[in-house]
Amino acid sequence: MIRRNIPNALTCGNLLCGCIGVVEAFHNNLVISCILIGVALVFDFLDGFLARMLKVSSAIGKDLDSLADMVTFGLLPAIIVYQLLMQSIPDLFGIWKAYPAFIIAVFSAIRLAKFNNDPRQTDSFIGLPTPANAMLIASLPIIILTEDPFWKDIIVDTGHLLILSVVMSFLLVMEMPLIALKFKHFGWKGNEFRFLLIGLTVVLVLTLKILAVPAIIMLYILLSVIDNIRKKDRPIGNI
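Our subject in this report is the structure included herewith. Worth saying up front: this structure is predicted, and the values here are computed from it rather than measured.

## Points about the environment of Gly 190
Considering the arrangement of structural elements, one finds Gly 190 in the loop between β2 (177–179) and α8 (192–208). By relative accessible area, which is 42% here, Gly 190 ends up partly exposed. C-alpha separation for the pair Gly 190 and Arg 3, spaced 187 residues apart in sequence, amounts to 34 Å.

## Some thoughts on a nonpolar patch on the surface
There is a patch of nonpolar side chains on the surface, built from Val 42, Phe 45, Leu 46, Phe 49 and Met 53 and spanning about 470 Å² of accessible area. Tracing the sequence through the fold places Leu 46 in helix α2 (residues 30–53). Leu 46 sits in the partly exposed class, given a relative accessible area of 30%.

## Concerning the nonpolar core
One finds Ile 37, Ile 80, Leu 84, Leu 85, Leu 128, Leu 178 and Tyr 220 to be the most contacted residues of the largest nonpolar core, which totals 55 residues. Ranked by residue count, the leading element in this core is helix α3 (residues 59–88), at 9 residues. Residues in contact with Leu 85, not counting those within four places in the same chain, are Ala 98, Ala 101, Thr 158, Leu 161 and Leu 162.

## Considerations on the environment of Asn 133
Counting through the fold element by element, Asn 133 comes out in helix α5 (residues 130–146). You can call Asn 133 buried: its relative accessible area is 0%. Considered as a pair, Asn 133 and Val 202 are 69 residues apart in the sequence and their alpha carbons are 19 Å apart. The contact partners of Asn 133, leaving out residues within four places of it in the chain, are Ile 104, Ser 108, Leu 128, Met 168 and Leu 172.

## Considering the packing of helix α1 (residues 2–26) against α2
Where α1 contacts α2, the axes come no closer than 8 Å and their chain directions differ by 165°. With respect to each other, α1 and α2 are oriented roughly antiparallel. You can see that α1 and α2 cross each other, and the crossing is left-handed. Of α2, the residues touching α1 (which contributes Ile 6, Pro 7, Leu 10, Thr 11, Gly 13, Asn 14, Cys 17, Ile 20, Gly 21, Glu 24 and Ala 25) are Leu 30, Ile 32, Ser 33, Leu 36, Val 39, Ala 40, Phe 43, Asp 44, Leu 46, Asp 47, Leu 50 and Ala 51. Each residue belonging to the contact of α1 with α2 can be placed in one class, and the counts come to 15 nonpolar, 5 polar and 3 charged.

Criteria and cut-off values
- Residues numbered from 1 in each chain as written.
- Predicted model: local features only at pLDDT ≥ 70, side-chain atom pairs only at ≥ 80, totals over all residues.
- Heavy atoms only, no water.
- Helix = DSSP H or I, 4+ residues; strand = E, 2+ residues; numbered from the N terminus.
- Buried < 20%, exposed > 50% of the residue type's maximum accessible area, 1.4 Å probe, protein only.
- Patch = residues over 30% accessible without salt bridge, like charges linked within 9 Å, V, L, I, M, F, W, Y side chains within 5 Å.
- Areas by Shrake-Rupley, 256 points an atom, 1.4 Å probe, with all protein chains shown as cover.
- Salt bridge = Lys/Arg side-chain N within 4 Å of Asp/Glu carboxyl O.
- Core = buried A, V, L, I, M, F, W, Y, C linked by side-chain atoms within 4.5 Å.
- Contact = heavy atoms within 4.5 Å.
- Axes fitted to C-alpha atoms, helices over the stretch in contact; angles between N-to-C directions.
- Parallel < 35°, antiparallel > 145°, perpendicular 65-115°, else oblique.
- Left-handed = near helix turned anticlockwise from the far one by under 90°.
- Nonpolar A, V, L, I, M, F, W, Y, C, P; charged D, E, K, R; others polar.

Here it is in structure tokens:
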């Protein structure tokens, strides 16, 4: 009984991080919220890993995971963008100008609902996973705090944040397969783009630090596009 619920307990840890993160975000403690997203990412990885390792995957666990992800990787990133928009908008225009940030939460819900009911998403993802989107958004307040003030002027800009909200919402539900780090074996053939993504991620983190996060997400999408083109151009006999 305990063994069966270990992954679910980790999923609840993810959800708890999201709930506390929402409270901290509404108090404008954005860095704390972003750190909690990072902790939740660890919980999110471990719950699926242990469910497979212990062979205790269940429909309840799958639904619980999506509900937790909706709070932590859907609602919380939307609130972070909302707060950044509030910093960029003069009081003259009113807070309603920041409401478009919540389309991130709406499209995250659509993304998670599609994932739970889409049999195609076993070896790859269709659309950007919500944790990847949350990771990118969580990097923004930390970049503002730790990097050159130049980046704050770029990030805390109404137009840039509105464009980010629309673009990331589109990427969440786009009908394009993206690389999933699900290894059936650890040989090079068939895993070329997975190994390339991992290798370049390490290089970017070592060289760019926190600035690496947006670069990694862009790299992830670019490599996925190239991988899709390669698969379409591959002769049928070589599949």
